[in-house]
Amino acid sequence: MAWTWRFEKSDGTETEPALQPEEFTTQGDAESWIGEYWKELLEGGAAQVTLFEDTTKIYGSMGLQADSA
């Protein structure tokens, strides 16, 4: 079982991420990684991400833009 991210532009088309992650063995590891590197990914052109467990979509698209308060 592998957890992976799909990196997307704001229009939903897939894009290559600025940082290429490995496959993760747990959902928590995948979410921790995105939490650590979301700014770099956003700056590199990814606007949103979708999480997959093998080929099953778990959730997304989730925007990487920080909410302005």
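Our subject in this report is the structure included herewith. (Residues numbered from 1 in each chain as written. Predicted model: local features only at pLDDT ≥ 70, side-chain atom pairs only at ≥ 80, totals over all residues. Heavy atoms only, no water.)

## Focus on the packing of aromatic side chains
We describe a pair of aromatic rings using the distance from one ring centre to the other and the angle between the two ring planes. Evaluation of the coordinates by the stated rule reveals four aromatic pairs. Centroid distance Trp-33 to Tyr-37: 5.2 Å. Interplanar angle 45 degrees. Geometry classified as tilted. Pair noted here: Trp-33 and Tyr-37 are both in helix 1 (residues 27–43), with a separation of four residues, about one helical turn. Using a relative accessible area of 15% as the deciding quantity, one classes Trp-33 as buried. Among the residues examined, Tyr-37 registers a relative accessible area of 26% and is labelled partly exposed. Put simply, the rings of Phe-7, Phe-24, Trp-33 and Tyr-37 pair up and form one aromatic cluster. (Phe/Tyr/Trp six-rings, centres within 6.5 Å; stacked < 30°, edge-to-face > 60°. Helix = DSSP H or I, 4+ residues; strand = E, 2+ residues; numbered from the N terminus. Buried < 20%, exposed > 50% of the residue type's maximum accessible area, 1.4 Å probe, protein only.)

## A short note on the nonpolar core
In terms of nonpolar packing, the biggest core is built from twelve residues, these being Trp-3, Trp-5, Phe-7, Phe-24, Ala-30, Trp-33, Ile-34, Leu-41, Ala-46, Val-49, Leu-51 and Leu-64. Those elements that place two or more of their residues in this core are strand 1 (3–8), helix 1 and strand 2 (48–53). Ranked by residues supplied to this core, first place goes to helix 1 with four residues. Setting aside its immediate chain neighbours within four residues, Ala-46 contacts Phe-7, Glu-8, Thr-15, Leu-41 and Leu-64. (Core = buried A, V, L, I, M, F, W, Y, C linked by side-chain atoms within 4.5 Å. Contact = heavy atoms within 4.5 Å.)

## Things to note about unusual backbone geometry
That bond from Gly-60 to Ser-61 is cis: its omega, 5 degrees, falls within 30 degrees of zero. Looking at where Ser-61 falls in the secondary structure, it is placed in strand 3 (residues 56–63). Backbone geometry places Asp-54, a non-glycine residue, at a positive phi of 55 degrees. With respect to the helices and strands, Asp-54 occurs in the loop between strand 2 and strand 3. On the basis of relative accessible area, Asp-54 is assigned to the partly exposed category, the value being 46%.

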